[in-house]
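Residue-level listing of the chains:
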Amino acid sequence: MGDGARIPDEKTFGLRLDRRGFLGMSAVLAASGLLAACKKADTGGGTAAATGASPSARPPLESEPGGLQVYDWGGYGDGAYYPKEERQYLWKEYETATGDTPTFILFEDDDSGYAKVAAGARYDIAHPCAYRFEDWVALDVLQPWDTSLLQNFSSLNPTLQASGNIDGQQYFVVADWGFAAPMYRADVVEPQEVSWGLLWDDRYEGKISWWDSLNMLVVAAYYHGIADPWAMTDDELGQMRDFLISKKGLVSFFWGQSIDLFRAFKQEEVWIGYAWPDAWVYAKGAGFDVVYSEPKEGRTSWYCGFGLFADSENYYHAHAYADSWTSTKAAEFLLNYYAYGHTNTAVDLSLISKDIVEAFGLGDPTILDEPRTHAERPIERRDVYSEYWSEVKAS
Amino acid sequence: MSTVDARADAVRVGRRSDRRATVGLLSAPLVWLLLFFVVPVGFVAAYSVGAVRIFPTDGSVSLADWQRFLTGGSIYLDLFWKSVLMSLAVSVVVVLLAYPVGYFLALCVRKRKYVLLLVIIAPFLTSFLLRVLAWKVILGDQGVVNTLLFWLNLRAPDDPVPWLLYSRFTVMLVLAYVWVPFVALPIFVSLDNLDRSLLEAASDLGSSRWRTFVRVTLPLSVPGIMAAFVFVFVPTIGEFVTPQLVGGTEGYMYGNAINDLFTEGLDWQSGSVLALFLLLVVAGLMVLFGRWIQVRNVAG
Amino acid sequence: MSDIAASGRARGLLILFFAGLVLFLYLPIGILALFSFNDGDVSFPLQGFTTHWYGDALTNPTLLGSLERSLLVATVSSVIAVALGILAAFALVRRRFVMKSAVSALVFSPLVVPYLVFGISLLVLFTALDKFLTDTMGVYIGLGLHSVVIGHVVVSLPYAILTIMPLLERLSLSLDEAARDLGAGPWETFRRVTLPLLLPAIVSSFLIAFTLSFDEYAIASFLAGTQPTWPVYLFAQLRVPSLLPQLVAVSSIVLIASVLLVGAAEVGRRVAERRYAGSLPETG
């Protein structure tokens, strides 16, 4: 493309926002986090005392085997996207503190990650996303964290930590979060209104990409004003399915990974897409005039956290890793490189880059709250949703 | 001559003390196939009726999944027929394209027929994914065909031909492209084995070439045609890679449904039902077409 | 003969059709090769000649890693498949036994099973096995290159047998008997008489199995776990082509290499067979 920024690929991402930009963004997020904390500080949980073996029964850190096995997404430490920066920001602190280098085992998505563990795979820590938190706990392979061992825990957004608190135990330390929203190219797309409806705008046939996920049913539900998109009845699901089927002809293809969506934008195959923030960062860096919209029905948000395996032999190592990942340094990296949020509310404050603020609506502390953003929540009848989505694809 | 010889040798060898030798020879391959081919398939069958459970969400023993699938309660049976139709269309086109090639090489070429045959088959022996990549590159909105059209001013640069890529047409085109080389082989073999004297006799009896073709050559080459048809039809029903790469949203096939059930959404039990159904259909087809498929003849 | 099968005009049309089909088959491959040297994106107009994509590709560790893994899997699975294939071919050609047609059907059935179905059945088996082992013994094996090797041996086996059988049939047993009359034991006979004569077919079947395994995507996609083989890596890059001309560069290399490899195998096989047939003693 010939522009200054190097185009990201699996190994040589050189994209970077300027320092003022990321610091500014984290400032706003911190502010919003603090505000949220103030509002909801009384929703119990969050810092339940650790149970399990008393600290004295555990071998100290020095006699743990090390070689911490981290079961995680690509680009979160293994170096898939930013080889040097991932290490530097996410786990250098851990390495310095323990002298250990972690091993990364990757999973492609939550389902396959969960499947492998259900089949018997065991690691030290895992990093799934919230909608599966309860499934993981139900597998009976995790033990709760001892939050008193986590130095950064008190700085973490309590509301999100509450979602990792199951049955009164802190099974998950929620670290990262992000939005999902329609992203479009401002130079070729003129939205009639900023809405999820962009994803089925008749005027842009063949230039649209959806995420290959049952979440499409959820956002269609928000578009239609359904009361609780995360717990729809069969009737409602049927209506959403039929609606999506009727609009499917406008869609070019379904993307599975964020990088696929970016590449489609880059090749100008697609002008509108259901997108996560990192796709916006890549597209912007490639020189496109892309807008990460705030649809009138509200964005959705996802969040993910670290879980500790019950039979891990690296108890203290694991806590040290979680600490490293929940530090402000890690927050800087996520915001800077992926435009993902981080739950650490104590990030440094500074000036804000207008682009990023506008793109993610960071100027307003209520951005994370309903109804502007709908936090993802577990879907009880997930398998039913899954079937309806398969029907959308199969028709 | 030497085959007769081998058979005679085989007779000589069928003595009792050599049965142990036979068992010795066969044990390794058979054990491997039993363990890693028969058992897994049996497992899938058991899993599809809930006799095996892996995940906490798996149901217990019941035929409900099968019932729902077969009585059209779920959308997958429709998808299956849709895929069958697509495969049928592709197979017919492929056989039509491959037949003249086989005919030409077997009956009209004297020297170097095997070299020319290799030229046709060689692409099939190269990477399948790369050949699909080539088409993605050629058919995209900013791909070779469209940019060529822009360059030649046949189409405006903001108006590429949209249905070239990510459509049912693309899937069928790419599938045909991939399979034509392979399918030429059985047709060639059956025509090559044709007794020339039959053609000469027909000609001596005053038959025109066209008539000879229709009434002698074509009927005799039917085994080759059937083999060719099956060799492309069977794999393409279960095709999922090509649709994923070039099918976009229109080209979703039955194989994709199976793949998705196993990789997204984690409904392995439904996936097993669909997979087993496909296997049974394929097995049924092979029994049906068994007499046309002499594996040895077709392999050349 | 050629006059009998087609008139001059029909013959002309057939030649045209043949040429057209060859063009259709090779043009996309040729275009890929062309753009591997293009100094820019894979679209017209061309932007100048360069070989730096090849250099880039050859220094891309993820790409190279996947190539290495594929080479490893292909080699190991082919060796096993050929070994098993030789055994099975001997049994099928030289032995008479009761269940011959059933065994034959079993041995050749992987040819018609869709790889999708086979891949997931191994996935289900290995996953269930892992769960069982974890629950009872706390042992977890997991999926990986070993699983891919197992799957590839199964699907390569019929091809190996099909390649070896014709040549084996042509080798007369009288050679074996002559060797035994001269005092050689069965193993020595095999090693010094049969095996050398069978070598062209063995090499051929190895190359076919190798090519099959190296390029195989469906089974590997389910069984490779976290270590992608070359097709699995390639597929991930292909879902939306990123115009990585590196990929195109490597593709060209792999394409040409496999064409040459298989061509050489075929040529070698026919040369050896012709040579052998020429020196075959006249048998009854």
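About the cut-offs
As a convention, each chain's residues are numbered from 1 in the sequence order in which they are written. Note on labels: chains are lettered from A, ligands numbered from 1, in written order. In keeping with the model being predicted, local features are shown solely for residues with a pLDDT of at least 70 and side-chain atom pairs are shown and tallied solely at 80 or more, while totals for entire chains, interfaces and linings include all residues. With hydrogens and water excluded, all non-hydrogen atoms of the structure serve as input to the side-chain values. By convention a nonpolar core is built from buried Ala, Val, Leu, Ile, Met, Phe, Trp, Tyr and Cys residues, the set being connected through side-chain atoms within 4.5 Å. The classification of residues rests on relative accessible area computed with a 1.4 Å probe and restricted to protein chains. Under 20% of the type maximum is buried, over 50% is exposed, and intermediate values are partly exposed. Under the scheme used here, helices are H or I runs from DSSP no shorter than 4 residues and strands are E runs no shorter than 2 residues, and both carry numbers assigned from the N terminus. Two residues qualify as a contact provided that any one of their heavy atoms is within 4.5 Å of a heavy atom in the partner residue. Stacked, tilted and edge-to-face pairs are distinguished by plane angle, under 30 degrees for stacked and over 60 for edge-to-face with tilted covering the rest, among Phe, Tyr and Trp rings (Trp via its six-membered ring) whose centres lie within 6.5 Å. Two limits define a charge over a ring: the Lys NZ or Arg CZ must be within 6 Å of the ring centre, and within 35 degrees of the ring normal. For helices, the fitted line uses only the C-alpha atoms of the stretch in contact; every axis is such a line through C-alpha atoms, and the angle between N-to-C directions lies from 0 to 180 degrees. Note that the term roughly parallel is reserved for angles under 35 degrees, roughly antiparallel for angles over 145, roughly perpendicular for angles of 65 to 115, and oblique for everything else. Two helices that cross are described as forming a left-handed crossing if the nearer one is turned anticlockwise from the farther one by less than a right angle, and a right-handed crossing if clockwise. Residues are grouped as follows: Ala, Val, Leu, Ile, Met, Phe, Trp, Tyr, Cys and Pro are nonpolar; Asp, Glu, Lys and Arg are charged; all remaining types, including Gly, are polar. pLDDT expresses how confident the predictor is about each individual residue, on a scale running from 0 to 100. Throughout, buried area stands for the accessible area (probe radius 1.4 Å) lost by two parts on being put together, summed over both. By definition here, a salt bridge exists when the distance from a side-chain nitrogen of Lys or Arg to a carboxyl oxygen of Asp or Glu is within 4 Å. By the criterion applied in these results, polar contacts are pairs of N or O atoms within 3.5 Å in which, for protein atoms, one can donate a hydrogen and the other can accept it, and in which residues neighboring in sequence qualify only through two side-chain atoms. Working rule for helices: expected span equals 1.5 Å times residues minus one. Two cysteine sulfurs form a disulfide in these notes if their separation is within 2.5 Å.

### Comments concerning the nonpolar core
Then step 1. Core analysis: the largest hydrophobic core is formed by 313 residues, its most contacted members being Trp200, Trp210, Leu217, Leu244, Tyr274 and Tyr321 of chain A together with Trp230 of chain C.
Then step 2. Sort the elements by how many residues they give to this core and helix α4 (residues 76–108) of chain B lands first, with 18 residues.
Then step 3. Dropping the residues within four chain positions of it, Leu244 of chain A is found in contact with Trp200, Trp210, Met216, Leu217, Ala220, Trp389 and Val392 of chain A.

### Focus on the packing of aromatic side chains
In this description, a pair of aromatic rings is defined by centroid distance and the angle of the planes.
Then step 1. Under the criterion given, the structure shown has 72 aromatic pairs over all chains.
Then step 2. With centroids separated by 6.4 Å and ring planes inclined at 25 degrees, the aromatic side chains of Tyr99 of chain B and Tyr103 of chain B adopt a geometry described as stacked. Taken together, the residues Tyr99 of chain B and Tyr103 of chain B, both in helix α4 and 4 residues apart, mark about one turn of the helix. Judged on exposure class, the residue Tyr99 of chain B and its partner Tyr103 of chain B are both buried.
Then step 3. Look at Trp210 of chain B and Phe213 of chain B: their rings are 5.5 Å apart centre to centre, the planes differ by 40 degrees, and that puts the pair in the tilted class. Within this pair, Trp210 of chain B and its partner Phe213 of chain B are both found in helix α10 (residues 209–220), separated by 3 residues, close to a single helical turn.
Then step 4. We note Arg299 of chain A situated over the ring of Phe179 of chain A; from NZ or CZ to the ring centre the distance is 4.6 Å.
Then step 5. Note that Lys329 of chain A overlies the ring of Tyr89 of chain A, its terminal NZ or CZ placed 5.9 Å from the centroid.

### Considering the packing of helix α6 (residues 115–137) of chain C against helix α7 (residues 145–170) of chain C
Residue and element names in this part refer to chain C.
Then step 1. It is at 11 Å that the axes of α6 and α7 come closest, and there the two elements cross at 140 degrees. Regarding the angle of α6 to α7, the classification is oblique. In this structure, α6 crosses over α7, and the sense of that crossing is right-handed. Residues Tyr115, Phe118, Leu122 and Phe126 of α6 pack against Ser147, Ile150, Gly151, Val154, Val155 and Tyr159 of α7.
Then step 2. A breakdown of the residues in the contact of α6 with α7 according to their chemical character gives 8 nonpolar, 2 polar and no charged.

### Focus on the environment of Ala126 of chain A
Residue and element names in this part refer to chain A.
Then step 1. Its place among the elements puts Ala126 in strand β3 (residues 125–126).
Then step 2. A residue is classified by how much of its surface remains accessible, and Ala126, at 1% relative accessible area, is buried.
Then step 3. Sequence spacing of Ala126 and Gly285 is 159 residues, and the spatial spacing of their C-alpha atoms is 31 Å.
Then step 4. Sequence-distant contacts of Ala126, defined by excluding residues within four places in its chain, comprise Tyr71, Trp136, Gly305, Phe306, Gly307 and Phe309.

### Points about the confidence of the model for chain C
Then step 1. Taken residue by residue, chain C gives an average pLDDT of 83. The fraction at 70 or more is 92%.
Then step 2. Taken together, the chains of this predicted complex give a pTM of 0.82 and an interface ipTM of 0.83.

### Description of the interface of chain B and chain C
Then step 1. Counting from both sides, the interface comprises 96 residues of chain B and, opposite them, 95 residues of chain C.
Then step 2. Of the roughly 9100 Å² buried between chain B and chain C, counting both surfaces, carbon and sulfur atoms make up 79%.
Then step 3. At the surface where chain B touches chain C, the tally comes to 0 salt bridges.
Then step 4. At the boundary of chain B with chain C, the tally comes to 4 residue pairs in polar contact (both at pLDDT 80 or more).
Then step 5. Of all the elements, helix α2 (residues 19–48) of chain B adds the most residues to the side of chain B that touches chain C, at 19 residues.
Then step 6. Split into classes, the residues belonging to the side of chain B that touches chain C amount to 73 nonpolar, 12 polar and 11 charged.

### Quick word on helix α14 (residues 268–289) of chain B
Then step 1. With 22 residues, α14 of chain B should cover 32 Å at 1.5 Å per step; its first-to-last C-alpha distance of 31 Å lies within 8% of that length.
Then step 2. Most of α14 of chain B sits out of view: 16 of its 22 residues are buried.

### A look at the state of the cysteines
Residues and elements named next belong to chain A.
Then step 1. Under the definition given, this model contains 1 disulfide over all chains.
Then step 2. In this model Cys129 forms its disulfide with Cys304; the gap between the sulfur atoms is 2.0 Å. The sign of the S-S torsion, about 70 degrees, decides the handedness of the disulfide formed by Cys129 and Cys304: right-handed. Here the residue Cys129 occupies a position in the loop between β3 and α4 (133–138), and Cys304 occupies one in strand β12 (residues 299–309), the gap between them amounting to 175 residues.

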